[in-house]
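Okay, here's what each chain looks like letter by letter:
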Amino acid sequence: MAEELTLDLEELHHLQSIAKRPRILSMISSEIRNLETEKLLKDVDSQPTAQTSDPSPTPAAPTPTPTPAAPAPTPTPAAPAPTLLAKGLSIPALNYATLSSFSWDQDDEKVKIYVSLEGVDQEKVETIFKKMSVDLKFHDVQGKNYRCAIPKLNKEIVPEKSKVLVKPKRVVVTLYKASKGNWLDLHFKEDKLKPGLEKERDPMAGIMDLMKNMYEEGDEDMKRTIAKAWTDARSGKSADPMNAYR
């Protein structure tokens, strides 16, 4: 069992030397500490317990006749240590506090976002830059994890040029614009104004709505007049149903 733990530790140290992502490094370090503690406990348990000396002497056992030693078996190669997934280790879900308050400015070529946060380690910042979105994760900041995300930017950026710089009291995110120019906002905002919508609307629709209201609220004479004008308009006798009121 101790040999298995030693092999597991060697594999984890190897993974630690090649891992780069802060979250993976943290998980590997935690598992190394757990296995080292387990190995230490097993080493202590395997130590022989001191025997209390018996005051009465014990007669010496007869010396056994030596027998020829059997040939040592050929050692077989040790199986590779199981990986993290093979060992069935579960990856704990991380909780993040949302950073929704930040400032920004811009010039013709880039946008800068300023996040006020102290105690950030550059090596523990996880960034995901896409053409129209930004996702920043700050791990282990005074015992907490923080996240700052913009799911849809105002315009496209160049992800491979964008970067993050950690300063003592804030984090500066630089986004390079895919095309030069001024952004009206950092976030994408859909244009609710649809030019030409009123022009495309049937001009008779408003008149029909007006006649319907007048019919529902008018007296019997009004209803008969509107009904006749409506019928004439639908049959083509009158292009304008409001002629009856002129």
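Look a little higher up for the structure.
Here the structure is a predicted model, which is why all the values come from computation and not from measurement. Each chain carries its own residue numbering, running from 1 in the direction its sequence is written. Per-residue local features are limited, in this predicted model, to residues with pLDDT of at least 70; the limit for side-chain atom pairs, both in listing and counting, is 80 or more; totals at the level of whole chains, interfaces and linings are taken over all residues. Note that water and hydrogens are dropped before the side-chain values are worked out from all heavy atoms of the structure.

A run of H or I in DSSP becomes a helix once it reaches four residues, and a run of E becomes a strand once it reaches two; helices and strands are each numbered from the N terminus. Scanning the chain for helices and strands turns up five helices and eight strands. Counting helices and strands in the order they occur from the N terminus, the chain gives α-α-β-β-β-β-β-β-β-β-α-α-α. Only protein chains enter the accessibility calculation, which uses a 1.4 Å probe; a residue is then buried when its area is under 20% of its type maximum, exposed when over 50%, and partly exposed in between. Burial statistics for the chain: of 246 residues in total, 25% are counted as buried. Contacts in the chain between residues far apart in sequence, at least 24 positions, make up 58% of those at least 6 positions apart. Note on areas: Shrake-Rupley with a 1.4 Å probe; residue coverage comes only from the protein chains shown. With an accessible surface of roughly 18,400 Å², the chain has 54% of that area assigned to carbon and sulfur atoms. Working rule for contacts: check all heavy atoms of both residues, and any pair within 4.5 Å makes them a contact.

Turning next to unusual backbone geometry. Positive phi, normally seen in glycine, also occurs at D140, with a value near 55°. Topologically, D140 is positioned in strand β5 (residues 133-141). The phi torsion at Q142 lies on the positive side, around 55°, for a residue other than glycine. In this structure, Q142 sits in the loop between β5 and β6 (144-150). Q142 sits in the exposed class, given a relative accessible area of 68%.

Should the charged atoms of two oppositely charged side chains come close, the side chains can pair. Here, a salt bridge means any Lys or Arg side-chain nitrogen found within 4 Å of an Asp or Glu carboxyl oxygen. Summed over the entire model, instances satisfying the criterion amount to five salt bridges. Close ionic contact of D107 with K110 constitutes a salt bridge, the shortest N to O distance being 2.9 Å. Looking at K110, the relative accessible area reads 21%, which means it is partly exposed. Across the salt bridge formed by D135 and R147, the nearest N and O atoms sit 2.6 Å from each other. Placement of D135 in strand β5 and of R147 in strand β6 is noted, with a sequence separation of 12 residues between them. Since its relative accessible area comes to 33%, R147 is described here as partly exposed.

Moving on, we get to the sheet that holds β6. Read across the open sheet, the four strands follow the order β1-β6-β5-β4; overall the sheet is mixed. Of all strands in the sheet, those bounded by a partner on one side alone are β1 (97-98) and β4 (125-130). Pairing between two strands is assigned when DSSP locates at least 2 bridges connecting them. Pairing geometry for β5 and β6, over six bridges, is antiparallel. What sits directly across from K137, in β6, is R147.

Turning our eyes to something else, we now look at the side chain of H139. Here H139 shows up in strand β5. The class for H139 is buried, based on a relative accessible area of 6%. N or O atoms within 3.5 Å of each other form a polar contact, as long as, within protein, one can give a hydrogen and the other can take it, and as long as residues adjacent in sequence are counted only when both atoms are side-chain atoms. Polar contacts involving the side chain of H139 include one to the side chain of Y96, which spans 2.8 Å. Setting aside residues up to four positions removed in sequence, H139 forms contacts with P22, L94, Y96, K124, E126, K144 and N145.

So, on to the packing of aromatic side chains. Working definition: a ring pair exists when centres of Phe, Tyr or Trp rings (six-membered ring for Trp) sit within 6.5 Å. Plane angles under 30 degrees give stacked, over 60 give edge-to-face, the rest tilted. Within this structure, the stated rule accounts for zero aromatic pairs. A ring has a charge above it when a Lys NZ or an Arg CZ is no more than 6 Å from the ring centre and no more than 35 degrees off the ring normal. Over the ring of F188 we find K152, and its NZ or CZ is 4.1 Å from the ring centre.

Take the sheet that holds strand β2 (residues 103-106) next. Ordered by their spatial adjacency, four strands build an open sheet running β2-β3-β8-β7, and the pairing between neighbours is antiparallel. Every interior strand has two partners, whereas the edge strands, β2 and β7 (163-166), have only one. Strand after strand, the sheet turns through a mean of 20° between neighbouring axes, direction not considered. The pairing of β2 with strand β3 (residues 110-116) spans four bridges and is antiparallel. Bridged to Q106 within β3 is V111. An axis is simply a line fitted to the C-alpha atoms; with a helix, the fit covers only the stretch in contact. Between two such axes, the angle follows the N-to-C directions and lies from 0 to 180 degrees.

Burial of strand β8 (residues 170-176) is extensive: six of the seven residues sit out of reach of the surface. Across seven bridges, the pairing between β3 and β8 is antiparallel. Bridging from a neighbouring strand, V115 pairs with V171 of β8. Summarising the sheet, β7 and β8 pair through four bridges and their orientation is antiparallel. Across the sheet, residue L165 finds its bridge partner in β8, namely V172. The hairpin formed by β7 and β8 contains three residues between the paired strands.

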